[in-house]
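# Working through the structure, step by step
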Amino acid sequence: MPNLLLPSVATILTQRDETPDVRTYALRFRDPDERAGFAFTPGQFLELSVFGFGEAPFCLASSPTRGPDVEVTVRRCGRLTDALHTLGPGDEVGLRGPCGNGFDVDAARGKDLVFVAGGIGLPPLRSLIWNVFDRRREFGRVTILYGARTPSDLVYKDELRDWERQADVTVRVTVDRTGPGWDGTVGMVPVLFDHVELNAATSLAYVCGPPIMIKFVVQDLLKRGFAAEHVISTLERMMQCGVGKCNHCCVGHRYLCRDGPVFNVREITEMWE
Amino acid sequence: MERSATRVIARSDVNEWLAHILHHRDVIAPTRSPGGDTMFAPITSPDDVLWDFENPLAPPKQFLLPQTEPLAHFRRIDGHMHVEPVAEQRERVLFNVRSCDASALAFLRETYARDLADDVVERRAASLTVVTLACSVPCELGFCVCTDAGPFLRRDFDVQLTDLGDAFFVEVGTDKGRALVGLADALFQDAASDDQARRDASELAARAHFGGETCHFGSAMRRISTKRVADELWESMSAWCLDCGGCTHVCPTCYCFSVSDTPPADGCSTRCRLWDSCQYSAFTLEATGHNPRTAHGERMKRRFHHKASAQYFQRDGRVGCVGCGRCVKVCMGTTDMPTVIAAIRHGTWDGGRAHA
Amino acid sequence: MSEGRLCERGWAAHDAARWGARFHEPHIREHGVLRPASWDEALGVAAKSLRSLRDRGRPVGVLGSGRASNEENFLAVALARVALHTGNVDAGLRRCYEDLLAALEQPAAAADREDGIRRLERSDVIVLIEGDLTTSHPRVAMGVLRALRRGGRLITAGWSRTQMSRLATVHLPLSAAMPVSTLAALQQAFTELAARGDAVSAGGGGASAVERAASIVAESRRVAFVLTPFDADSVVLRTAASLIAALADDVAAAGGTPPLVLPLPVRANTCGAFDMGVAPHLLPGRRSLEDHDARDRLRAVWGTEPCWSGGLSAEEMIDSVSGLVVLADDVTEFHRRPDRAVAALQSLDTLVVFDSFVTPTTKAAHVVLPIAAFGETAGTITSLEGRVQRWRSAADAPHSIRPGWRALRDLLDALGATYAPQSLDVLLRDIWTAVPSYGAIAPAALDAAGGAVLEDSGAPRRATPVADAMRRTASRRVGAAPAEAPSDATADAMRWLLRGEGVFDWGDDPLVTSSPILRRTPASERKLRPTGVVMMSTDDAERLGVRDGWTIRVRSRSGEAHVAVSLRAGQERGVLFVPFAYRDRLSALSGDGGAVEVEVSRA
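Residues numbered from 1 in each chain as written. Chains lettered and ligands numbered in written order. Predicted model: local features only at pLDDT ≥ 70, side-chain atom pairs only at ≥ 80, totals over all residues.

### What about the overall build of chain C?
- A count of helices and strands for chain C gives 27 helices and 23 strands.
- Here chain C holds 603 residues, and 60% of them are scored as buried.
- A fraction of 75% describes how many contacts in chain C between residues 6 or more apart in sequence connect residues 24 or more apart. (Helix = DSSP H or I, 4+ residues; strand = E, 2+ residues; numbered from the N terminus. Buried ≥ 20, exposed ≤ 12 C-beta atoms within 10 Å, placed from the backbone. Contact = placed C-beta atoms within 7 Å.)

Here it is as structure tokens:
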């Protein structure tokens, strides 16, 4: 890397509106060599620059098994994401990464996998989910539990149906508040546990979403017999450099951008400031 | 034959050496500002260099990590973005740096080289030659003996000078230092054993200045690292901190930063790295509005955990404090390093009254 | 800036020059839009429009600023009194400082400006009337901490439990409906105590907070009173200051050392602007308009017979002049009704603005004259304790931006004024001649790192106000009283009081909002919530079922608004406090009044 903090230019290939304020972008490195050389694991993130507005971390939402172009799913919630949402196909942004540790995919081989996501927490899990589907025979049963505030806040609506059609997969979706056209489950994500059979002994659970949702889901999983090491989550903090230098994302002496963002619940419990 | 690493230069010859250095390199040294303060600034004449001075309030870290550092220019040309790294390659000499500051520069250099190396900082460090002036008379507020960063150095310098009165004892620590001495080699003699003895006596005298007192960093560090500092203690100490961030600004080892782009004009913008402070509550404020570290005491705890915990000591191989005493001078409240360390050690807080 | 040094905020403030939105060349309005122009053209247009208004007898005025240097403010006064021949010269937020000052310019507090902070640091007891001193005046808060560290005690009075109040021996909560009644009670308690002569018994077991505070004051030798603009209401500030003045007199009369009374201005150079004559009723040196010595000196410096009359205050000017010159300030940052102020600016015949940054005021201007920002220009400023200090230029201003003093001088020139000093040195010498207290400072002292402290400010003294009358005013209710907090779940129907907080301006400064680091500091963080916040007590929030950051609906007789709440422990229940920065967000509810009754519900 010529410069640890220097972004590379990438072009927006496509954009897709997931919800009124969430959009998925497909991005391609402009330099063919960089595109070819880019490798990552699910759970890692990118520092995405909107030139003139700074950069911010976004998890990679696409699977490394799906070619060298990458996808990020972005919710509008600040100056940079406002600026990003004004861009479209053909426009250029900056990319730097991949950053962070990512999920240990090999450790999941042979296991049943439970994915629990809330709201905008689905994108990092989506990367892993596609990765699993593309290597389907290496893994056991897959259960996907997903919840959002309202039906219109659900992301990847079409893909949820795709996933359901895969072999040996259970997908359950809930919303906190019902809305027009919704005849599915209503309630917070943990209510979905009553709709599925989980085998704690053979499973790994991946939990991603808002802090409060993670807290309740983790409690539930532990109560259902999951070992803390087998419940895996991602942590979020304000980040700037993404390479373990700037100190914004520290929890104690751990740097979420280098040691994380993926941790198992035992590690999280042992973390302190 | 390999030249000895210890030399001597007559006081009357120092300016000539400096003139040679100035001929080849940019020189930054403590000098008198227009307002009468002492500060590190580029000098143009050997006479600008101060030899008897109070260590400047602003440490020389800005020459390794500028307060606002352009990293890259973004230019839109023919509809395409061009990312142009900012190239800065100047051979610079930091002259008459104090021991604490030289240790701090080494701390920063190691920090940026560890794990993922920051090549920009590495290059700047490589082009920086550090000439220290050992502290024969330690400064009033310093406590470098407690943090193993002075008053004399055994490492972290390219050249270490010791004032022997009529001459300076010259220790060459690195090849960069050797090259600097080599610019005017004829001015230096090999040190005699008598010179060495005078230098060692000076160091002993300097250490004696501190007396038997140290601030017992080790015991405070053990308490911090084993979570034995009560949250209430941080909480009550934080009432005596005015949140100004002054300590982090003048701290020679503080290096928190943010990255920001200048407002775009005509499709152009500059990405900069800026000093930040973990003492500002918005340091951890996320775009969603969530802030995991809002309590004032939490922020203080964070600062001292980073400066003085075994976890960081293990990672860094050094204490994150060099005992320069600047935070004592700059603190608007009473929560400077020695006062807080004492409070942690005793487990009680008296508002800094013992130090009043 | 204090004692010639900058604090951390100042160390990062210079960055604003790089990051802030700025005009890099003069602009003039043409067909409704601002377009770049040369200095000659822009100065010509400004001079022509202002001259034409002046010649037609239309009212014009000049706004100086507590953010500008003494030199710039002195030229702003010359611009008004010499070139435009008007007494309409003032600065935003000067008023709240003068409200505090008005009651205090009296013998007991005479020499207070001198070395105020050092005396504060040596006090045995400090009575602090504050909004939140640590954010509004950190340098003074530092003085308080030093006094406490030396063993001094602190008594705080304010709207909520602040960092300072946590360190206080006694905290006196102020009532939103009757803000100064607590101070009146304190003064009364002290008077009674002094009459009885037994301080000790009053401090005993069953004593109220006010009685305990009075007895601490009575038993202390060195007493200090620190007054912040804790309220935006002029009457409240004046009454509070009068009560403190009366209390200070009582303390002095009881035989102690005359206490220190330290009123605090809102901006860095409000004191200096005041000294330079930026006030419609005073001449430079805080002299009265009739002062013959002052007139003689100014005649000599300005080389003409200037306008000696009084004029309009800042807010009056904005409402009623036809032509306005604004120096380094933005009306939305000090006007009681920022929305109306901008509308008023837009209807002016001529608006000439000297500023470093793009603000709502520059956007409304007919002529924008870009001036150097902090760090790019030299000059002097005067601290709240009367310390005159140099600030130095650390970098050149980019493009064709001119130093403020020079741009003002050029406008004086373009207006054909008799006074247009040719250099900063000449200008400084003129100030030294025009303002005797400054003239008494040796130039070498000014050059010393800490700057030099003014001797007696020479301000006109006023008689001690009558404490009794003040006490009567103190019991005046501001707006309606909040209903008693109900014990059960009828919170929705409960009557609340909506009330403005004190004046806190720092977070609005472009030096802060433009600096990428400073704009995130705690003191300016509140300003980051664009939709505004009101402060609510944690108890009320629990009863209402809202959390920090949630939105509530507030309805008054004159309107309704949705606004987020920021929770604060130790604040009076049944009251919503509106931070100064958000006064416009809720102005539709309060009309022009200070405090109004409202209904509150979850949105």
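### As for the overall build of chain B
- Tallying secondary structure elements over chain B gives 13 helices and 12 strands in all.
- Scaling as 2.2 N^0.38, a compact globule of 356 residues should have a C-alpha radius of gyration of about 21 Å, and chain B matches this with 22 Å.
- Out of the 356 residues in chain B, the part that is buried amounts to 52%.
- Taking all contacts inside chain B whose residues are at least 6 apart in sequence as the whole, residues at least 24 apart take part in 71%. (Rg over C-alpha atoms; globule rule 2.2 N^0.38 Å.)

### Here we look at the sheet that holds strand β2 (residues 22-29) of chain A
Residue and element names in this part refer to chain A.
- The antiparallel open sheet is built from six strands, whose spatial order is β4-β3-β6-β1-β2-β5. Each of the sheet's edge strands pairs with one partner strand only, and the pair in question is β4 (54-59) and β5 (70-75). Here the average twist between neighbouring strands, direction ignored, is 40°.
- Across four bridges, strand β3 (residues 45-50) lies against strand β6 (residues 92-99) in antiparallel orientation. What sits directly across from L48, in β6, is L95. (Pairing = 2+ DSSP bridges. Axes fitted to C-alpha atoms, helices over the stretch in contact; angles between N-to-C directions.)

### Quick notes on unusual backbone geometry
- With an omega of 5°, the peptide bond running from G260 of chain A to P261 of chain A counts as cis.
- Structurally, the position occupied by P261 of chain A is in the loop between β14 (254-255) and β15 (262-264).
- For the peptide bond that leads from G150 of chain B to P151 of chain B, omega is 0°, which places it in the cis range.
- Counting through the fold element by element, P151 of chain B comes out in the loop between α4 (144-147) and β8 (159-163).
- The phi angle at D156 of chain B is positive, at roughly 75°, despite the residue not being glycine.
- Of note in this structure, H31 of chain C is not a glycine but carries a positive phi near 50°.
- Mapped onto the elements of the fold, H31 of chain C is located in the loop between β1 (27-30) and β2 (33-36).

### Some remarks on the environment of R557 of chain C
- Position of R557 of chain C among the secondary structure elements: in the loop between β20 (551-556) and β21 (559-568).
- Remark: the alpha-carbon pair of R557 of chain C and V598 of chain C, spanning 41 residues in sequence, is separated by 7.5 Å.

### Thoughts on the interface of chain C and chain B
- On the chain B side, the residues contacting the 30 residues of chain C number 31 residues.
- Looking at the side of chain C that touches chain B, the elements with two or more residues in it are α1 (8-13), α2 (16-19), α8 (138-149), α9 (163-166) and α25 (522-525) of chain C.
- At six residues, α8 of chain C tops the list of elements feeding residues into the side of chain C that touches chain B.
- In the side of chain C that touches chain B, the residues fall into 15 nonpolar, five polar and 10 charged. (Nonpolar A, V, L, I, M, F, W, Y, C, P; charged D, E, K, R; others polar.)

### Considering the pairing of β21 of chain C
All names here are of chain C.
- One ladder, built from five bridges, connects strand β19 (residues 533-537) with β21; its direction is parallel. In the sheet register, V533 faces β21, and the bridge partner there is A564.
- Linking β20 to β21, which pair antiparallel, is a turn of two residues.

### Some remarks on the sheet that holds strand β16 (residues 387-391) of chain C
Residue and element names in this part refer to chain C.
- In spatial order, the strands read β15-β16-β17; together these three strands make up an open sheet with antiparallel pairing. The open sheet terminates on both sides in strands that have one partner only, identified here as β15 (379-382) and β17 (452-453).
- The pairing of β16 with β17 spans two bridges and is classified as antiparallel. Counted as the bridge partner of V388 is A452 from β17.

### Some thoughts on the domain arrangement of chain B
Residues and elements named next belong to chain B.
- Domain boundaries assigned for chain B yield domain 1 (6-58 + 91-209) and domain 2 (217-254 + 293-355).
- Here the C-alpha centroids of domain 1 and domain 2 sit 28 Å apart.
- Counting from both sides, the interface comprises 20 residues of domain 1 and, opposite them, 17 residues of domain 2.
- Elements with a minimum of two residues in the side of domain 1 that touches domain 2: α2 (99-113) and α4.
- Among the residues forming the side of domain 1 that touches domain 2, the class breakdown is 12 nonpolar, six polar and two charged. (Domains from an automatic or database assignment.)

### Let's talk about the interface of chain A and chain B
- Contacts between the two partners involve 33 residues from chain A and, on the opposite side, 39 residues from chain B.
- Sort the elements by how many residues they give to the side of chain A that touches chain B and β4 of chain A lands first, with three residues.

### What about the environment of V130 of chain B?
Residue and element names in this part refer to chain B.
- Position of V130 relative to the elements: it lies in strand β7 (residues 128-133).
- For the pair formed by V130 and T174, sequence separation is 44 residues and the distance between their alpha carbons is 9.9 Å.
- Sequence-distant contacts of V130, defined by excluding residues within four places in its chain, comprise L94, V97, A102, L105, F157 and D158.

### Regarding helix α19 (residues 404-414) of chain C
All names here are of chain C.
- Burial runs high along α19: nine of the 11 residues are buried.
- Of all the positions in α19, only G404, W405, R406, A407, L408, R409, L411, L412 and A414 are classed as buried.
- Structurally, α19 contributes buried residues whose contacts are with α3 (39-55), α4 (70-83), β13 (350-355), β14 (367-370), β15 and α20 (424-434).
- G416 sits one or two positions beyond α19 and adopts a positive phi of about 70°.

### A word on the domain arrangement of chain C
- When its domains are assigned, chain C resolves into domain 1 (21-93 + 268-453), domain 2 (96-263) and domain 3 (479-602).
- Measuring from the centre of the C-alpha atoms in domain 1 of chain C to the corresponding centre in domain 2 of chain C gives 35 Å.

### Focus: helix α7 (residues 217-225) of chain B
Residues and elements named next belong to chain B.
- For α7, the set of buried residues is F217, A220, M221, R223 and I224. Considered in projection along α7, the buried side chains sweep an arc of 160° and stay on one side of the axis.
- Where the residues of α7 are buried, they touch α4, α10 (296-307), α11 (310-316) and α13 (337-346).
- Looking one or two residues past α7, K227 carries a phi angle of roughly 65°, positive in sign. (Arc of directions from axis to C-beta.)

### Thoughts on the environment of D276 of chain B
- Among the secondary structure elements, D276 of chain B is positioned in the loop between β12 (269-275) and α10.
- Look at D276 of chain B and you get buried, because 26 C-beta atoms sit within 10 Å.
- For the pair formed by D276 of chain B and C254 of chain B, sequence separation is 22 residues and the distance between their alpha carbons is 9.2 Å.
- In this structure, D276 of chain B is in contact with C256, F257, S258 and F283 of chain B together with I517 of chain C, ignoring residues within four places of it in sequence.

### Some details on the packing of α3 of chain C against α19 of chain C
Residues and elements named next belong to chain C.
- One way to put it is that α3 packs onto α19 with a least axis distance of 9 Å and a crossing angle of 60°. Judged by the inter-axis angle, α3 sits oblique to α19. The interaxial crossing formed by α3 with α19 has right-handed handedness. Two secondary-structure elements touch here, α3 through W39, L43, G44, A46 and A47 and α19 through D410, L411 and A414. (Parallel < 35°, antiparallel > 145°, perpendicular 65-115°, else oblique. Left-handed = near helix turned anticlockwise from the far one by under 90°.)

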